[in-house]
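An overview of the molecular structure
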Amino acid sequence: MIRRITLLLGCLMLRTIALSQTGFEISQQLAHNTVRIHTLFEDGSDENGFGIIISEREGTLYVATANHVVESGPQGRSIEVSFNEKPGQSFSATYINGNSNDNIDLAVVRIPKPEWLNWSQKCLAEEAKIGDAVWFIGRNKEWYIPSVAEAGAIHSIDPFFDFLINVEIDKVQRGSSGAPAINHLGIFGIILTDQQTSKVISIQKLKQIVQQAWSLPFHLSKYERNLPTSSKAVNWLHPSIDKSSFSFGKQIDLTIVTRGFWEWVDRIEFFVNNVRIGIDTEVREETSGGNLYHYGESYWHPESAGTYNLHAVAYSTDGSAHTSEVVSVSVLKSIDPGGLIVAIEPSRNDTSMFLLNYDLKQVAVLHPPKNKIVKRIELPHQKPVAMQYSPNSNELYIIYQYQGVITALNTNTWVSRTLKFSDTEDGLDLALDEDQDRILVLTQSKVLYSIQVSTGTVQWSQNDFIGDRVVYNSDDQSLFSVLYGQNVMLSSYSVSESHVVPKKSISQVGVNCNDLYLSPDNRFLLLPCGSGNSDQGYEVHQYNSKDITDRIGSFEFGAYPQSICFSGINLMFASNSDFTDDYIYAIDLNTENTDYRFDFPNSDCNAILKTSASNKYLLAFSYNNHPGAESPDHRIFVYDLQHENQD
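Please read all numbers here as calculations on a predicted model, not as lab measurements.

Within the structure shown, the criterion is met by 18 salt bridges. In this structure, Glu 71 and Arg 77 form a salt bridge, with 4.0 Å as the shortest nitrogen-oxygen distance. Residue Arg 77 is classed as partly exposed on the basis of its relative accessible area of 31%. Across the pair Lys 546 and Asp 476 runs a salt bridge, and its minimum N-O distance is 3.5 Å. With a gap of 70 residues between them, Lys 546 in the loop between β44 (539-544) and β45 (551-555) and Asp 476 in the loop between β38 (469-473) and β39 (478-483) connect regions that are remote in the sequence. One continuous salt-bridge network, built from bridges that share partners, spans Arg 267, Glu 269 and Arg 276.

Below, the discussion takes up the packing of aromatic side chains. In total, this model carries 20 aromatic pairs according to the counting rule given. Centroid distance Phe 83 to Phe 91: 5.8 Å. Interplanar angle 70 degrees. Geometry classified as edge-to-face. Side by side, Phe 83 and Phe 91 carry an identical accessibility label, which is buried. On the basis of an interplanar angle of 90 degrees and a centroid distance of 5.9 Å, the ring pair of Phe 83 and Trp 116 is categorised as edge-to-face. A residue pair is termed long-range when its members are at least 10 positions apart, and Phe 83 in strand β5 (residues 77-83) and Trp 116 in the loop between β7 (107-112) and β8 (122-124) qualify at 33 residues. Judged by its relative accessible area of 1%, Phe 83 falls in the buried class. For Trp 116, a relative accessible area of 25% translates into the label partly exposed.

Moving on, we get to the environment of Asp 588. Considering the arrangement of structural elements, one finds Asp 588 in strand β48 (residues 583-588). Note on Asp 588: relative accessible area 28%, which makes it partly exposed. C-alpha separation for the pair Asp 588 and Asn 570, spaced 18 residues apart in sequence, amounts to 6.0 Å. Excluding its chain neighbours within four sequence positions, the residues that come into contact with Asp 588 are Asn 570, Leu 571 and Asn 593.

Ranked by size, the top nonpolar core spans 68 residues in total, and within it Ile 54, Phe 83, Phe 188, Ile 201 and Leu 206 carry the most contacts. Residues in contact with Phe 83, not counting those within four places in the same chain, are Val 35, Ile 53, Leu 61, Gln 89, Phe 91, Ile 111, Pro 114, Trp 116, Leu 117 and Trp 143.

Within helix α3 (residues 203-213) the residues assigned to the buried category are Ile 203, Lys 205, Leu 206, Ile 209 and Val 210. Mapping the buried residues of α3 onto a view down its axis gives an arc of 165 degrees, with all of them on the same face.

Moving on: unusual backbone geometry. Positive phi, close to 55 degrees, is recorded for Lys 383, a residue that is not glycine. You can see Lys 383 is positioned in the loop between β29 (372-378) and β30 (384-390). Phi is positive for Asn 394, close to 55 degrees, though the residue is something other than glycine. One can find Asn 394 in the loop between β30 and β31 (395-400).

Attention now goes to the side chain of Asn 357. Along the chain, Asn 357 falls in strand β27 (residues 353-357). For Asn 357, a relative accessible area of 1% puts it in the buried group. Engagement of the side chain of Asn 357 in a polar contact is seen with the backbone nitrogen of Leu 360, the distance being 2.9 Å. Each residue touching Asn 357, except ones within four places of it in the same chain, is listed here: Pro 337, Gly 338, Gly 339, Leu 340, Ile 341, Gln 362 and Pro 384.

Moving on to the sheet that holds strand β42 (residues 517-518). Strand order in the open sheet formed by four strands is β42-β43-β44-β45, and the pairing between neighbours is antiparallel. With one partner strand each, in any of the chains shown, β42 and β45 form the two edges of the open sheet. Here two bridges tie β42 to strand β43 (residues 524-529), and the two strands are oriented antiparallel to one another. Each residue of the ladder has a partner; that of Tyr 517, found in β43, is Leu 526.

Conventions we followed
The residue numbering used here restarts from 1 in each chain and proceeds along that chain's sequence as written. Where totals are concerned, whole chains, interfaces and linings use all residues; where local detail is concerned, this predicted model gives features only for residues with pLDDT of at least 70, and gives and counts side-chain atom pairs only at 80 or more. For side-chain calculations, the full set of non-hydrogen atoms in the structure is used, while hydrogens and water are omitted. Here a salt bridge means any side-chain nitrogen of Lys or Arg lying within 4 Å of a carboxyl oxygen belonging to Asp or Glu. Buried means the residue's accessible area, taken with a 1.4 Å probe over protein chains only, is under 20% of the maximum for its type, while exposed means over 50%, and partly exposed covers the values in between. Strands here mean DSSP runs of E at least two residues long; helices mean DSSP runs of H or I at least four residues long; both are numbered from the N terminus. What counts as a ring pair is set by centres within 6.5 Å for rings of Phe, Tyr and Trp (its six-membered ring), and what kind of pair is set by the plane angle: stacked under 30 degrees, edge-to-face over 60, tilted for all other angles. We call two residues in contact whenever any of their non-hydrogen atoms come within 4.5 Å of each other. In this text, buried Ala, Val, Leu, Ile, Met, Phe, Trp, Tyr and Cys residues form a nonpolar core when linked through side-chain atoms within 4.5 Å. The directions from the helix axis to the C-beta atoms are what the arc is built from. Any N or O atom pair separated by 3.5 Å or less is treated as a polar contact, with the protein-specific requirement of one donor-capable and one acceptor-capable atom, and with residues adjacent in sequence counted only for side-chain atom pairs. Two strands are said to pair when DSSP picks up at least two bridges between them.

Geometric descriptors of this kind do not, in isolation, establish any biological role.
Laid out in structure tokens, this is it:
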């Protein structure tokens with residue numbers, strides 16, 4: 001299956017909206033905020049670097065830089081500063097403070113302000129986060145700015161000092177110390193080490209040291225884009241992306257759409273993590289509504305899982321280049337199980353989880369720590385539809401869509417035995433009652449069977465059972481069923497040695513229900529329901545398992561709530577089948593908080609979630625059969641929940 005990312009180049013009128021810019025364009029505008037520094041020491045050695053203007057008071061400029069650029073022990077020094085506007089003219093600067101109480105390589109010098117200098121106090125980024133593209137101003141005594149393709153990226157935050165940001169950028173070389181580090185929002189810090197992986201002190205820490213430790217002025221504020229004064233519409237690239245995450249191993253198409261008044265676009269280049277991965281020189285055009293549109297395409301095969309930054313550059317025939325903002329996407333490692341998974345069961349430990357494959361008529365054993373399927377066992381019949389695992393006997397119990405049998409598969413020896421319950425009935429669902437050594441099987445014609453596990457004999461059967469899905473509560477030998485459709489019916493039964501006795505039944509509890517879940521402590525039932533054409537909304541209804549007429553409340557996590565699993569008794573993982581909402585939600589059952597979520601590509605109405613025995617791992621199956629999908633995309637994702645919770 002091929003996924004598509006679209007970047008849109010929009011025509012924005014100046015009077016209505018501010019233009020978005022890349023860090024490259026911001027760097028060009030803020031070059032006049034940057035100074036070049038040359039320091040000559042008494043012993044004849046010297047240092048070259050850069051700095052940024054942080055304030056102006058009574059005709060004096062204050063400049064922050066890396067301390068090693070302007071100080072080398074107790075010896076004397078001569079500091080010369082020059083500006084971008086007149087690089088051949090230098091001015092003497094005075095060293096004020098260097099190195100903070102935290103022993104940070106930081107200093108401030110002052111210099112009389114030249115009369116001709118115009119600099120901007122509004123230059124700071126509101127935030128900087130891992131993955132942001134990074135530019136800088138200054139290298140080898142020149143006001144060098146990396147191109148869009150040469151930009152670096154924020155790699156990580158120092159684990160011990162959260163004000164130190166690790167930036168990877170090949171173009172940083174000796175002589176870049178003290179230069180401003182810039183993202184798409186403005187200056188977010190100062191480079192302290194001039195090497196490929198550079199340390200950058202955050203602008204927040206810089207401000208704190210300057211104002212609180214050194215009692216010096218700091219006049220910088222949030223960056224404001226300098227808009228062109230022309231009244232003519234200006235063309236810029238703006239991204240529009242329908243997904244934020246993709247499964248590893250699939251081709252991802254990239255598309256650029258320009259909208260504006262260009263007569264012609266010569267070519268469009270596509271970049272992933274600032275590396276050019278494609279060029280489209282056959283740009284298509286179309287005129288609509290007085291605007292000229294251009295379409296460019298490329299494709300991308302991610303080489304590994306991770307987070308990637310994508311952008312595009314469109315070049316017009318007059319030589320001008322227009323650059324998109326950066327779009328961040330996640331590529332997740334996944335496993336192709338080879339077919340539709342209809343059930344997932346955990347083993348007694350975290351090293352094995354069992355997948356029931358409907359298409360391949362097999363059980364696959366997945367090893368979560370290795371993120372790998374390690375074994376496949378062929379089943380004796382086609383179209384398996386449901387499965388339960390017994391930790392006591394180490395057996396899997398499997399029923400089939402067109403066979404009146406149960407396969408009991410030993411997970412130690414992988415030897416199977418057959419439990420026959422009917423010559424004519426077809427399986428639909430099953431529930432395991434280990435305490436009473438029985439399996440309750442629901443058939444497609446609504447007959448309920450009780451089969452003794454140890455002997456394989458049918459104990460009893462009961463006709464006219466109401467339901468499409470069954471779950472069993474071993475605490476009080478209660479059975480619950482839900483009838484799907486527009487008028488959802490929830491029922492409870494007492495299970496005896498010879499039959500089931502209806503206890504309570506409630507109808508109109510929702511519409512388009514597609515499953516039934518019992519909490520790990522057996523206290524409540526959950527029914528995910530879709531609204532259909534009713535006004536009931538998309539909700540997961542919660543009922544008291546002791547009395548199903550007692551509706552406890554409801555949860556919401558998007559349209560078409562679908563798959564649910566539990567981690568302990570207080571945490572629930574859930575997904576919905578809205579193809580625009582590819583997330584797994586972590587829901588606190590006490591607070592009903594749904595703020596935390598993580599990526600789940602291609603999730604839809606066939607999604608299945610299940611945690612491992614100790615709740616360390618979460619397995620999530622997705623099956624993309626959305627309209628427009630070229631072929632079914634079966635994917636298993638393994639999440640390390642300890643890692644997810646740390647994030």
